Amino acid sequence: MLTKIKNEEEQIRQGGGAKAIDSQHKKGRLTARERVGKLIDPGSQFFELGIYAAFEMYEEWGGAPSAGTITGLAKVCGRTFMLIANDATVKAGAFFPMTAKKVIRAQNIAIENRIPTIYLVDSAGVFLPLQEDVFPDTDDFGRVFRNNAVMSAMGIPQITAIMGMCVAGGAYLPVMCDHILMTEGSGLFLAGPALVQAAIGQKTSAEDLGGAKMHAQISGTVDFREPDDDACIKRIRALVDKIGAPNASPFSHVKSREPLYPGEDIYGIFSSDPGKQYDMREIIARVVDASEFEEYRAEYGETLLCGYARIGGWAVGIVANQKKHVQTLARGSDQKRIEFGGVIYTESAEKAARFILDCNQNRIPLVFLHDVNGFMVGKDAEWSGIIRAGAKMVNAVANSVVPKITVICGGSFGAGNYAMCGKAYDPRFMFAWPTARFAVMSGDAAASTLVEIKLKQLEREGKKVDEKQKKELYESVRATYEHQTDPRYAAARLWVDAIIDPAHTRDALIWALESAALNPEIREFKTGVLQT
C-alpha cells in the first residue's frame, strides 16, 4: 500500500508533465516545487498537505494533479510557515473547484493555528469551463480573498510573491497581504490585454498594462521588484528574517525524547483485518516521547484508551480505540462478558468524555487515533444508556477548545467517526494511514444492506434474480463502496489533509502540534447540557 501511494505521489509531483515543466523553464521561471525547495531552510523538510487533492477528478479536462497548487508547512528562517504555491505546469495554474477548496483549507489551517503564510502566485485565474463551481459559493474562489482580509486583521503575517500571471479576481490576493513582491516578466491586472480590448477597445501590451516595472514605478502596488525567481526568494527570506517573534504558547513543552522503539515496528503490530486483534498501546509506545503513556482509568471502559503523554516535547491527551477484545463484568452485575475491540461501549464513552473535559480544563491538546467500528448496539447496550453516553462524548469533543488532531489508522465508521473527532468536529489537522477506511458502515455491511434493498425492489417489479446475479450485484456494490472508502478518495476531496506513512506518524503529529502552539488563544470551555 505504501509503495503504491509513494509512487502515485511521485507521479503527482510531476504536475503537468515534462513538456509543461520545460515550457516553464523556457520562460526563465522555476516550477512551483523548485520555488518551494529554494524557499525553505536548507536541509529541512516540506510537510506537504493535500497532495492528493483532485485525484482521479476532472479527467475529462486532462486532470488536475494536486489541484494545480501546492500547500504545506515548512521552516523558513527557523519559523513555521504555511506555503501556498500555484503550479503553472497544470493548466497555467488555473483554479479548478478543488483548487479553491485546497487554498481555503490551507488558509483555514493558518487561521486556526495563527501560522504566517507565504503565497507564490503564478495563475491564469479561474478555469472558465467550470466557473459555476469555482466562483459563487461560500467555499469558492472569493473566500480566498475574504480569508486574506481576515488573516490580516488577526495579525497573521502574509507575504505574496507574484512569479508569473496574476489575473482578474486573483489580483486581489497579493494586494491584501502585508508584503508584495513581483518578478520581471510577471503580470498583475484585473483584466488581461485581450479582455481589455474586448471590453473597452483599448490596445496595450501585458507589460504596459500590468508589468513589474509599471507596478513598482507608476501604480505603486508592489513593494519589491525582483529580476528573477532566485532574487525574489532571497528577498522573501530576508523579509521573514525580520518578522517579530510569536506570542508564547499556552501548552506545556519540554525537550523532546525519542520513543524507546522504532516507528517501523508499527508495520508488524497493526492489522487492517477487521477480524484481527492488536494492542493499540504498542502503537502509542512507538509514537510518544520515551514511550511513556500515563493511562487514565486503565481498568474501566477498556475498549477506549485514554492517557497523557508527550510528543516532540508537547504534552498531549490521547484518545485511542483499543482493538483487543476485553473480558469484563456486565454493567450492574457480576456476570462476565466479552467486549469487542474497536467498539465503543457505554463505559468507554463515559470515560473518554470525562478525560476530554480534563484535557480542556488543563490546556492539553488532544490526539485521536481511530480504528473504530462504531458504538455497541443491542438490548444490553441500549439498556445501559449507550446513546446518552455517546452524546456526552460527542458533546465534549464538539465543544473542546484545545487543539484536536485526528489520525485514522484503520476503520472509522458511523457515529464512531464523530465521537473520535471526525472531519465534522473541526480537528486542526486530519491524517490517514493507507489502511484507513471511513464511511457510515463497513464495505461488507453496506453491500449486504444495499443488495437486500435492490433485490426487494426487483421482486416488487416482478423480476427474478438467481444466485449468480445476486453475487455479481453484491460484488459490484461492494467494489463501488470500497472505492469510496479508500483514503485516496477522501484525500482527493480534502476530507483528510495527508495520507501518512504509519512509521512517520510521530513526525506528522509534531508538525501539527508545533503549528497549533502558534495560536495562544484558548476560548472559555463550555459544554452546554450534558446527558448525565
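One can find the structure itself at the top, above this paragraph.
Residues numbered from 1 in each chain as written. Predicted model: local features only at pLDDT ≥ 70, side-chain atom pairs only at ≥ 80, totals over all residues. Heavy atoms only, no water.

Looking now at the overall build of the protein. When helices and strands are tallied, the protein shows 20 helices and 20 strands. Here the C-alpha atoms of the protein give a radius of gyration of 26 Å, agreeing with the 24 Å that 2.2 N^0.38 yields for 532 residues. Expressed along its principal axes, the backbone C-alpha trace of the protein runs to roughly 85 × 65 × 45 Å. The proportion of buried residues among the 532 residues of the protein is 54%. The contacts in the protein between residues at least 6 apart in sequence include a share of 74% that link residues at least 24 apart. Carbon and sulfur atoms make up 52% of the accessible area of the protein, which amounts to about 23700 Å² in all. (Helix = DSSP H or I, 4+ residues; strand = E, 2+ residues; numbered from the N terminus. Rg over C-alpha atoms; globule rule 2.2 N^0.38 Å. Buried < 20%, exposed > 50% of the residue type's maximum accessible area, 1.4 Å probe, protein only. Contact = heavy atoms within 4.5 Å. Areas by Shrake-Rupley, 256 points an atom, 1.4 Å probe, with all protein chains shown as cover.)

Turning our attention to the environment of A424. Relative to the assigned elements, A424 resides in the loop between helix 16 (414-419) and strand 18 (429-432). Residues A424 and M176, spaced 248 residues apart in sequence, show a C-alpha to C-alpha distance of 30 Å.

We now examine the nonpolar core. Formed by 96 residues in total, the largest nonpolar core has its most connected members in L49, M82, I284, I311, I318, L369 and F431. It is helix 4 (residues 97-113) that contributes the most residues to this core, eight residues altogether. Those residues within four positions of I284 in sequence are excluded, and the remaining contacts are F293, L305, I318, A320 and L369. (Core = buried A, V, L, I, M, F, W, Y, C linked by side-chain atoms within 4.5 Å.)

Below, the discussion takes up helix 5 (residues 141-153). Restricting attention to buried positions, one finds in helix 5 the residues F141, V144, F145, N147, N148 and M151. Projected down its long axis, helix 5 carries its buried residues within an arc of 155 degrees, all on one side. Taken together, the buried residues of helix 5 touch helix 4, strand 4 (117-123), strand 5 (158-167) and helix 6 (172-175). One or two residues past the end of helix 5 sits G155, with phi positive at roughly 80 degrees. (Arc of directions from axis to C-beta.)

A few words on helix 4. For helix 4, with 17 residues, the first-to-last C-alpha span of 25 Å sits near the 24 Å given by 1.5 Å per residue. Summarising burial for helix 4: 14 of the 17 residues are buried, a large majority. After helix 4 finishes, the residue R114 shows a positive phi value of roughly 55 degrees. (Expected span 1.5 Å × (residues − 1).)

Secondary-structure assignment places S123 in strand 4. A distance of 2.7 Å separates a polar side-chain atom of S123 from the backbone oxygen of G93. Setting aside residues up to four positions removed in sequence, S123 forms contacts with N86, A92, G93, A94, F95, M165, C166 and V167. (Polar contact = N/O pair within 3.5 Å; in protein donor to acceptor, adjacent residues only side chain to side chain.)

With that settled, the discussion passes to the pattern of salt bridges. The tally for this structure, following the rule as stated, stands at 28 salt bridges. The salt bridge partner of D358 is R354, with a shortest N-O separation of 3.2 Å. In this pair, D358 and R354 both sit in helix 13 (residues 346-361), four residues apart, roughly one turn of the helix. Overall, the relative accessible area of 16% leaves D358 in the buried class. A cluster of three or more residues bridged by salt bridges with shared partners is formed by E8, D486 and R488. (Salt bridge = Lys/Arg side-chain N within 4 Å of Asp/Glu carboxyl O.)

Moving on, we get to the packing of helix 13 against helix 15 (residues 386-399). Put simply, helix 13 and helix 15 touch, their axes get as near as 8 Å, and they point 25 degrees apart. In terms of orientation, helix 13 and helix 15 fall into the roughly parallel class. As helix 13 runs across helix 15, the sense of the crossing is left-handed. In this structure, helix 13 uses T346, A349, E350, A352, A353, I356 and L357 to contact helix 15, whose residues at the interface are I386, A389, G390, K392, M393, A396 and V397. A class-by-class count of the residues in the contact of helix 13 with helix 15 yields 10 nonpolar, two polar and two charged. (Axes fitted to C-alpha atoms, helices over the stretch in contact; angles between N-to-C directions. Parallel < 35°, antiparallel > 145°, perpendicular 65-115°, else oblique. Left-handed = near helix turned anticlockwise from the far one by under 90°. Nonpolar A, V, L, I, M, F, W, Y, C, P; charged D, E, K, R; others polar.)

If you walk through the whole model with that rule in mind, you get 13 aromatic pairs. Linked through ring pairs, F47, F429, F431 and W511 together constitute an aromatic cluster. Above the ring of Y489, the side-chain terminus of R493 is found at 3.6 Å from the ring centroid. (Phe/Tyr/Trp six-rings, centres within 6.5 Å; stacked < 30°, edge-to-face > 60°. Lys NZ or Arg CZ within 6 Å of the ring centre and 35° of its normal.)

A few words now on the pairing of strand 2 (residues 69-76). Where a strand is regular, its side chains alternate between the two sheet faces. Burial analysis of strand 2 places seven of its eight residues in the buried class, which makes it a mostly covered element. Relative to strand 2, strand 1 (residues 47-49) runs antiparallel, the two being bridged by three bridges. Each bridged residue has a counterpart across the sheet, and for E48 the counterpart in strand 2 is G72. Of the pairings in the sheet, the one linking strand 2 to strand 3 (residues 79-86) comprises eight bridges and is antiparallel in character. Paired with A74 across the bridge in strand 3 is F81. (Pairing = 2+ DSSP bridges.)

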